[in-house]
Amino acid sequence: MVAAHLAERLEPVFHPDSYGYRPERSALQAVETCRRRCWTYDWVVEFDIRKFFDSVSWDKVIRAVEAHTDARWVVLYVKRWLAAGLRLPDGSVTERDQGTPQGSSVSPVLANLFLHYAFGMWLTRNYPAARFERYADDGIIHCRSQREAEQILAALAVRMAEVGLELHPGKTKIVYCKDSNRQGGFPHTEFTFLGFTFRPRGARNKYGVQFTSFLPAISKQALKKLSETVRSWRLHRRTGSTSAELAALINPVARGWMNYYGRFFRSALYPLFRRISTYLLRWTMNKYKKLRTWKKSMQAMGDAAALRPRYFAHWAWVKPAAR
């Protein structure tokens, strides 16, 4: 009820380039907007706030809430949630004096409210020519020149210190959005945002001409996590399971990956899906004596894919193939 009460009053106030935890806004929309702006702006400031949810100032959050509602019961419950202790797995309780508890239904709207004033309004007021996308404490600022990017980054560090926050040194940097029309050597020509790595990539226009564009694709870190998930399934050892049971395990997860990471440069997912198919081939060989060779297993899997091409969700993009 508190979250709904605040959201009703704050949604019209929030900046349109704030995408995290808001109705009818998504991470993919933030990535799409970022991709489009990287073609227009040459420089990017990638920033991340260190331990944001553990460092938010209670006083500033409460003042911001009081500025948007006169309901005393809402302010009362916000204060109680902020001050509530954190129960650890061993049963002990840790007292807190700052930060907003992650997992609470009201934390997302409080985080957006805090950063609306600490970052969004500040940037718009001081650097009106710059553009940004923010998802919770992860954000991208688009700049017209290297000098402007350096100025904004220096000012942003000071601004975060003013509100009791700190930029993560390892995840904050200036990036040059290099493509076929932008030349020059610079130390950083890629960045990662919401699981996608933006960097120069080969592309082809509608006339078949190849060129270099600054595009997003699934990041190495995200791809590694997905690979760990596939490995954890141990598909080749599930000989007691039917193909329908394997499909019920794989398909919901694979569809989620396709819908999210496959939205941009989906070919980056193909090696992962080929790996799933290889596990399925090994499952076939281990389960059926008459399909103990790669050749026979591949023939059987190929026939199955031809008969029911969407039996496994990833077959829509990658058909069964050799090792």
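Residues numbered from 1 in each chain as written. Predicted model: local features only at pLDDT ≥ 70, side-chain atom pairs only at ≥ 80, totals over all residues. Heavy atoms only, no water.

A. Structural detail: the sheet that holds strand 1 (residues 43–48). Spatially, four strands are ordered 4-5-1-6 in an open sheet, and the strand pairing comes out antiparallel. Edge strands, defined here as strands with exactly one partner in the open sheet, are strand 4 (131–135) and strand 6 (173–176). Neighbour-to-neighbour, the strand axes of the sheet open up by a mean angle of 20 degrees, direction not taken into account. Inspection of the sheet shows strand 4 paired to strand 5 (residues 138–143) by five bridges, in the antiparallel sense. The residue bridging Y135 from the neighbouring strand is D138, located in strand 5. (Pairing = 2+ DSSP bridges. Helix = DSSP H or I, 4+ residues; strand = E, 2+ residues; numbered from the N terminus. Axes fitted to C-alpha atoms, helices over the stretch in contact; angles between N-to-C directions.)

B. Region of the structure containing the state of the cysteines. The final tally for this structure, using the stated rule, is zero disulfides. C177 supplies the cysteine sulfur nearest to C143, a cysteine that is in no disulfide, at a spacing of 9.3 Å. Sulfur of C177: no disulfide; nearest cysteine sulfur belongs to C38 and is 4.0 Å away. In this structure C177 comes out as buried when scored by relative accessible area, which is 0%. (Disulfide = S-S within 2.5 Å. Buried < 20%, exposed > 50% of the residue type's maximum accessible area, 1.4 Å probe, protein only.)

C. A look at the side chain of T33. Mapped onto the secondary structure, T33 falls in helix 2 (residues 27–38). Excluding residues within four positions of it along the chain, T33 makes contact with D17, Y19 and E133. (Contact = heavy atoms within 4.5 Å.)

D. Seen up close, the pairing of strand 9 (residues 210–218). Relative to strand 9, strand 8 (residues 196–204) runs antiparallel, the two sharing nine bridges. In the strand pairing of strand 9, R204 is matched with Q210. As consecutive antiparallel partners, strand 8 and strand 9 are separated by five residues, and within that stretch G208 has a phi angle of approximately 85 degrees, a positive value.

E. Just the layout of surface pockets, in detail. In this model, the largest pocket occupies a volume close to 810 Å³. Looking at the lining of the largest pocket, the elements with two or more residues in it are strand 1, strand 7 (191–193), strand 8, strand 9 and helix 8 (220–233). Among the elements that make up the lining of the largest pocket, the one with the highest residue count is helix 8 (five residues). Empty space within the second largest pocket amounts to approximately 280 Å³. Surrounding the second largest pocket, 15 residues form its lining, S243, W283, A300, M301 and A304 being those nearest its centre. Elements that contribute at least two residues to the lining of the second largest pocket include exactly helix 10 (270–287) and helix 11 (294–307). A total of five residues in the lining of the second largest pocket trace back to one element, the largest contributor, which is helix 11. The residue makeup of the lining of the second largest pocket, split by class, is eleven nonpolar, three polar and one charged. (1 Å grid on protein atoms, 1.4 Å probe; cavity = no way out; pocket = protein on both sides within 12 Å on 5 of 7 lines; lining within 4 Å. Points joined across faces, edges and corners; volume = space filled by probe spheres on them. Nonpolar A, V, L, I, M, F, W, Y, C, P; charged D, E, K, R; others polar.)

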